[in-house]
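A look at the structure
Here is how the chains run, residue by residue.
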Amino acid sequence: MRAMTIVWALVAGLCALAFGFVTGAIRPGEKVNGLWLVIAAGCFYVLALRFYGRFLARRVLHLSDQRVTPAHRLHDRTNFYPANKYVLFGHHFAAIAGAGPLLGPVLAAQFGFLPGFLWLVVGAVLAGAVQDFVILVASMRRNGRSLPEIARDEIGMVTGVATAVAVLFIVVVALAGLGLAVVNALYRNAWGTFTIAMTIPIAFLMGFYLQTFRPGRVGEVSALGLTLLLLAVAAGRLVAQSELAGWFSFERQTLVWLLAGYGFVASVLPMWMLLVPRDYLSTFMKVGVVALLAVGVIALAPPIEMPRVTQFIHGGGPIIPGTIFPFVFITIACGAISGFHSLVASGTTPKMIERESHAIVGYGAMLMESFVGVIALIAASVLVPGDYLAINTLLSADALAAIGFPVERIQELSRLVEVEIAGRPGGAVSLAVGMASIFVGLPGMAGLMAYWYQFALLFEALFILTTIDAGTRVARYLVQELGGHLYAPLSRINWWPGVVLGSALVVGAWGYLIATGSISTIWPMFGAANQLLGTLALCVGTTVLIKMGQARFLWVTAAPMVFVGAITLTGSYQLFTLFTAKALQEGGSGSAVALYLDAALVGLVALLAVIVLVESVRQWYGYVVQGRPYTSSEVLAAEGAMGGLKPAVQDGVKFPTGRCC
């Protein structure tokens, strides 16, 4: 015991030392290298999981394997089924870790690397991971119910409807923001498009292999999928240099609707057939590449070229136009806290948890995603700032030099990766170039920058597409829930006409936003909407804690809720005024219509968030201060001596098994 205390003390000391170098408290006049960012983040996450995560699991949420999860009680082999804990982690991590932790930190590097780094690590530990964990447990104990349903049951009908509408708008905007990045990375890129396309049949093969051909052979299917994935990357260059290249080289608009078609198919098929094996496959890619990047950063200790802060903290940046507050927070988006995660945590994952203790994936997966964000920030920050801006804006080299960021190696980098990289905003391309630059510095990798560039694009696109397929499915659930109030059969998530109609509406909506938007409008809107949803999720989580009899721990969710809420409501107001001002400048053009629509979406979501917050605070005051009685929708089923179910008792209240209280 004493030895472990010493170990943890050493980890804490190393963490403090690394933060000293990163912040400039130690050797402030020198450039920091990426090694210290990796050490600082890694130590911080380990300490958080060991102490804060365990505190939440044991003292706040009281996880117990004696309770029977809905994966067993409601088993249907389509939406509810107990998954292997490693597959569960793979699915959950892949579903939450979309483009946000990759692209948000890259775009936020405009403000300098330090603000984004601090929000990534501190925000994830105290806000993002807490939100994911609490909502996952809340949904798991309510038969896998969605966030809007939990809000309706626990707070009230008005809050439930407001949350449902807000969530639907937010998901559509989020999927548009993520999809835009992959479109900008893959247009006129036959190599990358072929490789991404091949992951779909590979996932189908894995799904049928694990479900039908060789059930339970996780090791075999993992090796098969990974081998085929690497072959697809290698074959992509051959395809791009052959007569087949025309089949995979598309313009932006074509890619938008091909992406929408994929989202539609993925959202209607059974999860075991495409979504889960694809997520599991992409997790190998994601974790493996992030680990390899971390090794590369540690081995090479590349200097961070981006300054700690830039002149754009006061606003007027060429990528994100706003000031550092609040825009660095909403630009970072998913890497620190993501409302989208609450939809996965109350969507597919709670329906697959075999044991309650496995719900810790809600906390751990968020820390892993935050680490992905840190690695992405490093990869972007090792580029010369002028080259970074040349990739992520449409400004000329002269214009960038005039604002103090001369372009140095953009032509050389384009030659090395065999693709013209200037003027490809969105973060994906600059991240891929940064990653490839790190990889080719490893022993034996010289001359392979083009392969690493396409490999990095595959890595990014897998992040994006796994979020698009899971997000579209979750949004389809929401459309069916809302539609069920008008026509009851629509609320059945397995009713085929409802499945098709709901999926078509969702992909049509986010496809339209991608087709008519740009990264400077969609990404800030996505970030603000996503963080507002995070605020709502923390609000619902606070209510859940009260009804669990854990009011003394309200600070766990309420403190980050207040901070994130203040940031995003401020950002929403600024975006609303920015979009309306731009629309007035455009006059009656089609761009003006799109900007007015963007402003209306931001304003509506912010208004709905305020409604939910006000109603929730009123409820909390009644429960905590006035002592009003309350009911809970928890379904607590404990395992009996013979493996059957029996009513569970918690905090002196007897809950009936199999139905809400």
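First, a word on what this report is: a plain description of the structure on this page. The structure displayed is predicted, hence computed values, not measured ones.

This next bit is on the nonpolar core. The biggest cluster of nonpolar side chains holds 213 residues, and the ones touching the most others in it are Phe117, Tyr363, Tyr453 and Trp510. Not counting chain neighbours up to four residues away, the residues in contact with tryptophan 510 comprise Val172, Leu175, Ala176, Leu259, Ala260, Gly263, Ile468 and Thr472.

In total, this model carries 19 aromatic pairs according to the counting rule given. Relative to phenylalanine 563, the ring of phenylalanine 329 has its centre 5.8 Å away and its plane inclined at 85°; by these criteria the two rings are edge-to-face. In this pair, phenylalanine 329 sits in helix α14 (residues 324–332) while phenylalanine 563 sits in helix α24 (residues 555–586), placing the two residues 234 residues apart along the sequence. Residue class for phenylalanine 329 comes out buried when judged on its relative accessible area of 15%. A ring pair is formed by tyrosine 623 and tyrosine 630, whose centres lie 5.3 Å apart and whose planes are at 70°; its orientation type is edge-to-face. The exposure class of tyrosine 623 is buried, given its relative accessible area of 12%. Taken together through their ring pairs, the aromatic side chains of Tyr52, Phe55, Phe133, Tyr363, Phe553 and Trp555 make up a single cluster. Sitting over the face of the ring of phenylalanine 51, arginine 50 holds its NZ or CZ atom 4.7 Å from the ring centroid.

Turning our eyes to something else, we now look at helix α4 (residues 85–96). Given a rise of 1.5 Å per residue, 12 residues ought to cover 16 Å, and the 16 Å separating the end C-alpha atoms of α4 matches this to within 8%. Taking burial as the measure, the 12 residues of α4 include 9 buried ones, the bulk of the element. What α4 keeps buried is the set Val87, Leu88, Gly90, His91, His92, Phe93, Ala94, Ala95 and Ile96.

This part is about the packing of α4 against helix α16 (residues 361–381). With their axes 10 Å apart at the nearest point, α4 and α16 run at an angle of 50° to one another. With respect to their mutual orientation, α4 and α16 come out oblique. In this structure, α4 meets α16 at a crossing whose hand is right-handed. Listed contacts from α16 to Leu88, Phe89, His92, Phe93 and Ile96 of α4 are Val361, Gly362, Gly364, Ala365, Met366, Met368, Glu369 and Val372. When the residues that make up the contact of α4 with α16 are grouped by side-chain class, the tally is 9 nonpolar, 3 polar and 1 charged.

Parameters and conventions
- Residues numbered from 1 in each chain as written.
- Predicted model: local features only at pLDDT ≥ 70, side-chain atom pairs only at ≥ 80, totals over all residues.
- Heavy atoms only, no water.
- Core = buried A, V, L, I, M, F, W, Y, C linked by side-chain atoms within 4.5 Å.
- Buried < 20%, exposed > 50% of the residue type's maximum accessible area, 1.4 Å probe, protein only.
- Contact = heavy atoms within 4.5 Å.
- Phe/Tyr/Trp six-rings, centres within 6.5 Å; stacked < 30°, edge-to-face > 60°.
- Helix = DSSP H or I, 4+ residues; strand = E, 2+ residues; numbered from the N terminus.
- Lys NZ or Arg CZ within 6 Å of the ring centre and 35° of its normal.
- Expected span 1.5 Å × (residues − 1).
- Axes fitted to C-alpha atoms, helices over the stretch in contact; angles between N-to-C directions.
- Parallel < 35°, antiparallel > 145°, perpendicular 65-115°, else oblique.
- Left-handed = near helix turned anticlockwise from the far one by under 90°.
- Nonpolar A, V, L, I, M, F, W, Y, C, P; charged D, E, K, R; others polar.

Coordinates in, geometry out; function isn't part of it.
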